[in-house]
Number of protein chains: 2
Amino acid sequence: MALIVQKFGGTSVGTVDRIRNVAERIKKFRDRGDDVVVVVSAMSGETNRLIEMAYQIEDRPNAREYDVLLSTGEQVTIALLSMALNKLGVPARSYTGTQVHILTDSAHNKARILDIKEKNMRTDLEQGRVVVVAGFQGVDEQGDITTLGRGGSDTTAVALAAALNADECQIYTDVDGVYTTDPRVVPEARRLDKITFEEMLEMASLGSKVLQIRAVEFAGKYNVPLRVLSSFDEPDFDADGSGASGTLITYEEDEMEQALISGIAFNRDEAKLTILGVPDKPGVAYSILGPVGDANIEIDMIIQNISADGTTDFTFTIHRNDFESATAVLTRVSNELGAREVVGDDKIVKISLVGVGMRSHAGIASKMFKTLAEEGININMISTSEIKISVVVDEKYLELGVRTLHSAFGLEQKTS
Amino acid sequence: MALIVQKFGGTSVGTVDRIRNVAERIKKFRDRGDDVVVVVSAMSGETNRLIEMAYQIEDRPNAREYDVLLSTGEQVTIALLSMALNKLGVPARSYTGTQVHILTDSAHNKARILDIKEKNMRTDLEQGRVVVVAGFQGVDEQGDITTLGRGGSDTTAVALAAALNADECQIYTDVDGVYTTDPRVVPEARRLDKITFEEMLEMASLGSKVLQIRAVEFAGKYNVPLRVLSSFDEPDFDADGSGASGTLITYEEDEMEQALISGIAFNRDEAKLTILGVPDKPGVAYSILGPVGDANIEIDMIIQNISADGTTDFTFTIHRNDFESATAVLTRVSNELGAREVVGDDKIVKISLVGVGMRSHAGIASKMFKTLAEEGININMISTSEIKISVVVDEKYLELGVRTLHSAFGLEQKTS
């Protein structure tokens, strides 16, 4: 019926029993007539076991050899899953990244996929076999094994789906989809049936760790319909023919539920730094942010105010772990530039409303600010994009802020 | 100074600490100026862990996938050892069987090496790198991963030594060489400095499990000097310049110690079966031994006596595990052929004197028989080859027989 790429993460294949369950799930799709390509991660715990051994040897393990080591984790899973499928009478063949020939650049530990040879996989599919591919790994032009970095199995799945022009790429995880916000904070949080790639990117980068952000970008770029679903739920072939519920990530369509807001993302580990009274002249932004970037500190939000006296203030947010080193860099820069003062706060969080619907609707921002104000929550910083409004608030207001906004925008109710 | 292939087994690389020790040993050879290619097995216990998972899934795991699974064991070791070498400032690169391109046939789980591409290894050696190769594995023409069967890492090492025309292939194990006999039976057993390939083959096939027999055959065929030595002893560069003591296995040379007997091998797990009173006619041997072979029972010694009344007796030895099934086969054959009787004994052992020296010396056999007779040890069967005399005796005489012979032939003393 369809060509489906299914990706199972480490928890879903964490034991031999679970691998057997995955095989039985795949069999149901095969029995229905689907062609199936499966991408698997290492059994949960396995990658950490390998990493520990590497760090027993070296504080900074040789990057090439680190990839040779880590790639064995997925290789074990593809072999066991293929055995389990064959045992169920479902012909299957395993492929390492090298064997598929998932060509990547040579950036060990964080390689990027350049090309995928899909010929062998096609032949297997035509002969009725399930193709089982090791996620997270590839091979460079020299024949060296590379890995895509943690969570890279999602990227492998999407890239294979794109190369094979698959009908759907299903990412099985231990959650059953993408929620309007974190259910641990808002018990009324609701699973979304659909979400757009752009919204998903905003949700992912803002701390919804369901999918690796590169995989979403990749899926968006090649227009691969992506579905997030739980490997512990039974397949539901009645729902919409996809054999699965979960959350479907696609491009915006006319019939898509046109909620103003799809979800509320938040990030707990934020800190902000402000440099006050910087003489305002061309290039000043670079002379402040350049040294921060050079210190490998990632900057998130940036706000600049021009003040009346010919000086300017810069505020930016960073990961809380980088607070001390960023303060040191900024103090040095402040002295060089003759700025007045550096002040910081590492007890802040970011809350973001995300939704393609807000593109065409004014008033979302003001409703957000009003809602927070009514609860006495002071807003430190504001940043907006076409489909997102983020505010920085004191750490203590995180739960209150998210819950109030979730309710104010009616996210617990399904829109029709 | 020299090009040396060093092979380290599972015990020698059984922990991260031991891998570090192996790296330090290799560094000593590099510091001396040797070029080194290293072959490693899976960390001890790892292969069994993988096998257990496979058998949890299937009683007869898919052969192709079994190889994909098992080959990860050695891949982990090559990565960790290469990291440890790089950490010591010794540049090193790991290679899987696929990456070297150790081409094998497609007989999964017991593949044979057909060809080795040594170009990449040469380039690395020229650039001063240690080359670290995964033992036990190869790749077939379709790009599928194969394994050589258990103990196949020895074969990998010898094959690489042959392909690279190495000066010596060193097999590191948990024993420090080949002994005149098992030191657990004869405490005076002495380590041999040298032994010939032919002697080693006889010793190995007779139960001295130091080296895989295929590796010895391979080394003999390509005239690769093979050294067995302990990975727990310090390298001894003063001994003979080889950087190692242990036992050297080479072709017979003029200057080689010309002992009559090199060692005493024995095999505890023997059984014998005799079919008595078989009508003697052409083809009778085949009609008896054919069905035994068809039942996948390996036959070791065979003796036939012609008696006066036109009938003949056949006696042969087998592995003790096969005793019952062989008895059943032989009873059926006996009825078909109209033989008188089938008798068997599964409480026997085989003791063998091995030595190239016996080729040119009469009297070895008679001295052996006399020595055993003086101790009241009855000989059940005798079999001889050019460099070996084997006798079958009652199980209870094993230790007495081996000790008495060891002493009678003066094996505890080093010949000059």
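Residues numbered from 1 in each chain as written. Chains lettered and ligands numbered in written order. Predicted model: local features only at pLDDT ≥ 70, side-chain atom pairs only at ≥ 80, totals over all residues.

1. Overview of the overall build of chain A
To keep things clear, this is the line we draw: A run of H or I in DSSP counts as a helix once it spans at least four residues, and a run of E counts as a strand once it spans at least two, with each numbered from the N terminus. For the radius of gyration, the atoms used are the C-alpha atoms, and the globule rule reads 2.2 Å times the number of residues raised to 0.38. In this scheme the burial state of a residue depends on its C-beta neighbours within 10 Å: 20 or more other such atoms mean buried, 12 or fewer mean exposed, and anything in between means partly exposed; the C-beta positions come from the backbone. Throughout, a residue-residue contact means that the two C-beta atoms, derived from backbone geometry, are no farther apart than 7 Å.
The number of helices and strands found in chain A is twelve helices and 18 strands. Taken over the C-alpha trace, chain A has a radius of gyration of 24 Å; the compact-globule value for 416 residues is 22 Å, and the two agree within 12%. Dimensions of chain A, computed from the C-alpha atoms along their principal axes, are close to 75 × 55 × 35 Å. Classification of the 416 residues of chain A by burial places 49% in the buried group. Sequence separation of 24 or more characterises 74% of the internal contacts of chain A that already satisfy a separation of 6 or more.

2. With respect to the packing of helix 9 (residues 284-294) of chain A against helix 10 (residues 323-337) of chain A
All names here are of chain A. Condition: Working convention: axes come from line fits to C-alpha atoms, limited for helices to the stretch in contact. Angles between N-to-C directions cover 0 to 180 degrees. In this scheme, a crossing is called left-handed if the near helix is turned counterclockwise away from the far one by less than a right angle; it is called right-handed if the turn is clockwise. Ten residues, namely Ala, Val, Leu, Ile, Met, Phe, Trp, Tyr, Cys and Pro, are considered nonpolar, four, namely Asp, Glu, Lys and Arg, are considered charged, and the remaining ones, Gly among them, are considered polar.
Packing of helix 9 against helix 10 brings their axes to within 10 Å, and their N-to-C directions diverge by 150°. Crossing hand, helix 9 versus helix 10: right-handed. Where helix 9 abuts helix 10, its residues Ser287, Ile288, Pro291 and Val292 lie against Ala326, Val329, Leu330, Val333 and Leu337. Here the residues of the contact of helix 9 with helix 10 sort into eight nonpolar, one polar and no charged.

3. Details of the relation of the copies chain B and chain A
Definition in use: All copies are superposed by least squares; the fitting set is the C-alpha atoms of residues with a pLDDT of at least 70 in both.
The transform that puts chain B on chain A rotates by 178° and translates by 0.1 Å along the axis, for an RMSD of 0.4 Å. Read as a symmetry element, the transformation amounts to a two-fold axis. Of the C-alpha atoms belonging to chain B, the one lying closest to the rotation axis is found on Thr72 of chain B, 2.5 Å away. Most of the interface of chain B is mirrored in chain A, where 100% of its interface residues again form contacts.

4. Quick notes on helix 8 (residues 213-221) of chain A
When helix 8 of chain A is considered as a whole, its buried residues turn out to be Arg214, Ala215, Val216, Phe218 and Ala219 of chain A. Residue Asn223 of chain A follows helix 8 of chain A closely and has a positive phi angle near 55°.

5. Quick notes on the environment of Ile364 of chain A
Residue and element names in this part refer to chain A. Relative to the elements of secondary structure, Ile364 occurs in helix 11 (residues 364-374). Residue classification places Ile364 among the partly exposed positions, given that 18 C-beta atoms sit within 10 Å. Sequence separation between Ile364 and Thr156 is 208 residues, and the spatial gap between their C-alpha atoms is 37 Å.

6. Remarks on the confidence of the model for chain A
For the record, the criterion: On a range of 0 to 100, pLDDT expresses the predictor's confidence in each residue.
Mean pLDDT over chain A stands at 89; residues scoring 70 or higher make up 93%. What the predictor reports for the complex is a pTM of 0.79 with an ipTM of 0.77.

7. Describing unusual backbone geometry
Residue and element names in this part refer to chain A. In the Ramachandran plot, Asn109 falls in the positive-phi region, its phi being about 80° despite a non-glycine side chain. In this fold, Asn109 is placed in the loop between strand 4 (102-104) and strand 5 (113-116). Its 16 C-beta neighbours within 10 Å are what place Asn109 among the partly exposed residues. Positive phi outside glycine occurs at Phe136, with the angle close to 80°. Accessibility expressed as a C-beta count within 10 Å gives 28 for Phe136, which makes it buried.

8. Quick look at helix 12 (residues 398-408) of chain A
The α-helix advances 3.6 residues per turn, and as a result positions three or four apart in sequence lie on the same side. Residues and elements named next belong to chain A. Note the cut-off: Directions are taken from the helix axis to each C-beta atom, and the arc is the one they span.
Within helix 12 the residues assigned to the buried category are Gly401, Val402, Leu405 and His406. Mapping the buried residues of helix 12 onto a view down its axis gives an arc of 125°, with all of them on the same face. Tucked into the core, helix 12 has its buried residues touching strand 13 (263-279), strand 16 (341-354), helix 11 and strand 18 (388-394). Just past helix 12, the residue Gly410 takes up positive phi, approximately 65°.

9. Thoughts on the sheet that holds strand 13 of chain A
Residues and elements named next belong to chain A. Here is the rule: Should DSSP find at least two bridges between two strands, the strands are regarded as paired.
Read from one edge to the other, the open sheet built from six strands follows the order 14-15-13-16-18-17, with strand pairing classed as antiparallel. The sheet terminates laterally at strand 14 (299-306) and strand 17 (379-385), the two strands that pair on one side only. Across the sheet, the mean angle separating the axes of adjacent strands is 30° when strand polarity is ignored. In the packing of helix 11 onto the sheet, contacts are made with strand 16, strand 17 and strand 18, and the angle to strand 18 comes to roughly 20°.

10. Some thoughts on the nonpolar core
As a reminder, the rule being used: For our purposes the nonpolar core covers buried Ala, Val, Leu, Ile, Met, Phe, Trp, Tyr and Cys residues that link as a set through C-beta atoms within 7 Å.
Counting residues in each nonpolar core, the largest one holds 243 residues, and the members touching the most others are Val38 and Leu81 of chain A together with Val38 and Leu81 of chain B. Setting aside chain neighbours within four positions, we find Val38 of chain A in contact with Gln6, Phe8, Ile26, Leu81, Val130, Val131, Val132 and Val133 of chain A.

11. Notes on the interface of chain B and chain A
In this complex, chain B contributes 28 residues to the contact, which on the side of chain A involves 28 residues. Going through the elements one at a time, helix 1 (16-31), helix 2 (46-57), helix 3 (63-87) and helix 4 (97-100) of chain B are the ones with two or more residues in the side of chain B that touches chain A. Here the element with the most residues in the side of chain B that touches chain A is helix 3 of chain B; it accounts for 14 residues.

12. Observations regarding the environment of Gln137 of chain A
Residue and element names in this part refer to chain A. Counting through the fold element by element, Gln137 comes out in strand 7 (residues 137-139). Here Gln137 falls in the buried class, since 28 other C-beta atoms lie within 10 Å of it. For the pair Gln137 and Gly33, spaced 104 residues apart in sequence, the C-alpha separation works out to 29 Å. Apart from residues no more than four positions distant in its own chain, Gln137 is found in contact with Ser71, Glu74, Thr96, Gly97, Ile145, Thr146 and Thr147.

13. Looking at the sheet that holds strand 11 (residues 226-230) of chain B
Residue and element names in this part refer to chain B. The eight strands lie next to each other as 3-6-2-1-9-11-12-10, forming an open sheet whose pairing is mixed. At either end of the open sheet lies a strand with only one pairing partner, and these are strand 3 (92-95) and strand 10 (194-196). For this sheet, the mean inter-axis angle between neighbouring strands, taken without regard to orientation, is 20°. Pairing geometry for strand 2 (residues 35-40) and strand 6 (residues 130-134), over four bridges, is parallel. Bridged to Val37 within strand 6 is Val131. Relative to strand 1 (residues 3-8), helix 6 (residues 152-164) is tilted by about 170°, and along the sheet it contacts strand 1, strand 2, strand 6, strand 9 (168-173) and strand 11.

14. Let's talk about the packing of helix 1 of chain B against helix 3 of chain B
Residue and element names in this part refer to chain B. Here is the rule we go by: Oblique is the label for any angle not covered by the other classes, which are roughly parallel (under 35 degrees), roughly antiparallel (over 145) and roughly perpendicular (65 to 115).
Across the interface, helix 1 lies against helix 3 with an axial gap of 9 Å and an inter-helix angle of 55°. Between helix 1 and helix 3, the interaxial angle falls into the category oblique. Considering the relative orientation of helix 1 and helix 3, their crossing is right-handed. Contacts from Val16, Ile19, Arg20, Val22, Ala23 and Ile26 of helix 1 reach helix 3 at Leu80, Leu81, Ala84 and Leu85. Looking at side-chain class alone, the contact of helix 1 with helix 3 contains nine nonpolar, no polar and one charged residues.

15. So, the environment of Asp309 of chain B
Residue and element names in this part refer to chain B. Its place among the elements puts Asp309 in the loop between strand 14 (299-306) and strand 15 (311-319). Given 9 C-beta atoms within a 10 Å radius, Asp309 is considered exposed. Each C-alpha atom, one on Asp309 and one on Pro279, is 9.0 Å from the other, the two residues being 30 residues apart in sequence.

16. A short note on the pairing of strand 12 (residues 247-250) of chain B
Pairing of strand 10 of chain B with strand 12 of chain B involves three bridges; the strand directions are parallel. By the bridge assignment, Lys194 of chain B is partnered in strand 12 of chain B with Leu248 of chain B.

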